[in-house]
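One-letter residues, chain by chain:
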Amino acid sequence: MIALPASYVAAADSVKIGYVNTQRIFRDAPAAVKAAKKIEAEFSRRDQELQGMAKQLQGMQETLEKNAVTMSETDRRAKEKELNELSREFQRKQREFREDLNLRQNEENAAIIEKANKAIKQLAESEKFDLIVQDVVWASPKLDITDKIIKALAADSK
């Protein structure tokens, strides 16, 4: 009976475990950097339009506040209506922008994860890992194999 726990300890010592930090892959892997630049280029025009619209709204609001006292009731109501319509349009476009941006980021992240998982499987087989985990609360730095995965992804993207 006493030898039984010792055999478990010996078996546990031979288990090879690795840890991959997914957030670092999304931040540092060449494919992730390339995807971020691609998305930024794709959405920069719409972002600039939204910023211009926000400035226009702010200008209209300031003008209305400044001149509300001297304006006729009909003019003031017309300007308020115009401001409210532009504000609704801005909010709609902003919401669509965020939804489209999130969708594209999720698409790119899925492709990066797929490539990373292939690299992880290849590394696990070549270096004979028994277990590789992602997204843990804490892992010892000696178990972290994220750099190896990022290098494998970099080599794969060339």
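Residues numbered from 1 in each chain as written. Predicted model: local features only at pLDDT ≥ 70, side-chain atom pairs only at ≥ 80, totals over all residues. Heavy atoms only, no water.

A. Geometry of the overall build of the protein. A count of helical and extended segments in the protein gives five helices and two strands. Computed over its C-alpha atoms, the radius of gyration of the protein comes to 27 Å, more than 25% above the 15 Å expected for a compact globule of 158 residues. The dimensions of the protein, computed from C-alpha atoms along their principal axes, are 95 × 45 × 20 Å. Within the protein, buried positions represent 23% of all 158 residues. Expressed as a percentage of contacts within the protein between residues at least 6 apart in sequence, the contacts between residues at least 24 apart total 82%. About 11600 Å² of surface is accessible on the protein, with carbon and sulfur atoms providing 53% of the total. Considering the protein, the positive charge centre built from 28 side chains and the negative charge centre built from 27 side chains are found 3 Å apart. (Helix = DSSP H or I, 4+ residues; strand = E, 2+ residues; numbered from the N terminus. Rg over C-alpha atoms; globule rule 2.2 N^0.38 Å. Buried < 20%, exposed > 50% of the residue type's maximum accessible area, 1.4 Å probe, protein only. Contact = heavy atoms within 4.5 Å. Areas by Shrake-Rupley, 256 points an atom, 1.4 Å probe, with all protein chains shown as cover. Lys, Arg positive; Asp, Glu negative; His and termini not counted. Charge placed at Lys NZ, Arg CZ, Asp CG, Glu CD.)

B. Representation of the nonpolar core within the structure. Among the nonpolar cores identified, the biggest contains 17 residues, and Val20, Ile25, Ile112, Ile149 and Leu153 are the most heavily contacted of them. Elements represented by at least two residues in this core include exactly helix H3 (30-67), helix H4 (73-126) and helix H5 (146-157). Sorting elements by how many residues they give to this core places H4 first, with six residues. Once you skip the residues sitting within four places of it in the chain, Ile25 turns out to touch Val20, Ala32, Ile112, Ala116, Thr146, Ile149, Ile150 and Leu153. In terms of nonpolar packing, the next biggest core, distinct from the first, is built from twelve residues, Phe43, Leu50, Met53 and Phe97 among them. (Core = buried A, V, L, I, M, F, W, Y, C linked by side-chain atoms within 4.5 Å.)

C. Summary view of the environment of Val15. Take Val15: it is sitting in the loop between helix H1 (3-13) and strand S1 (17-20). For the pair Val15 and Lys81, spaced 66 residues apart in the sequence, the C-alpha separation amounts to 69 Å.

D. The arrangement of the packing of aromatic side chains in detail. Evaluation of the coordinates by the stated rule reveals one aromatic pair. Arranged with centres 5.7 Å apart and planes meeting at 80°, the rings of Phe43 and Phe97 form a pair that is edge-to-face. Here the residue Phe43 occupies a position in helix H3, and Phe97 occupies one in helix H4, the gap between them amounting to 54 residues. A relative accessible area of 11% means that Phe97 is categorised as buried. Here Lys16 stacks its cationic end above the ring of Phe129, 4.6 Å away from the centre of that ring. (Phe/Tyr/Trp six-rings, centres within 6.5 Å; stacked < 30°, edge-to-face > 60°. Lys NZ or Arg CZ within 6 Å of the ring centre and 35° of its normal.)

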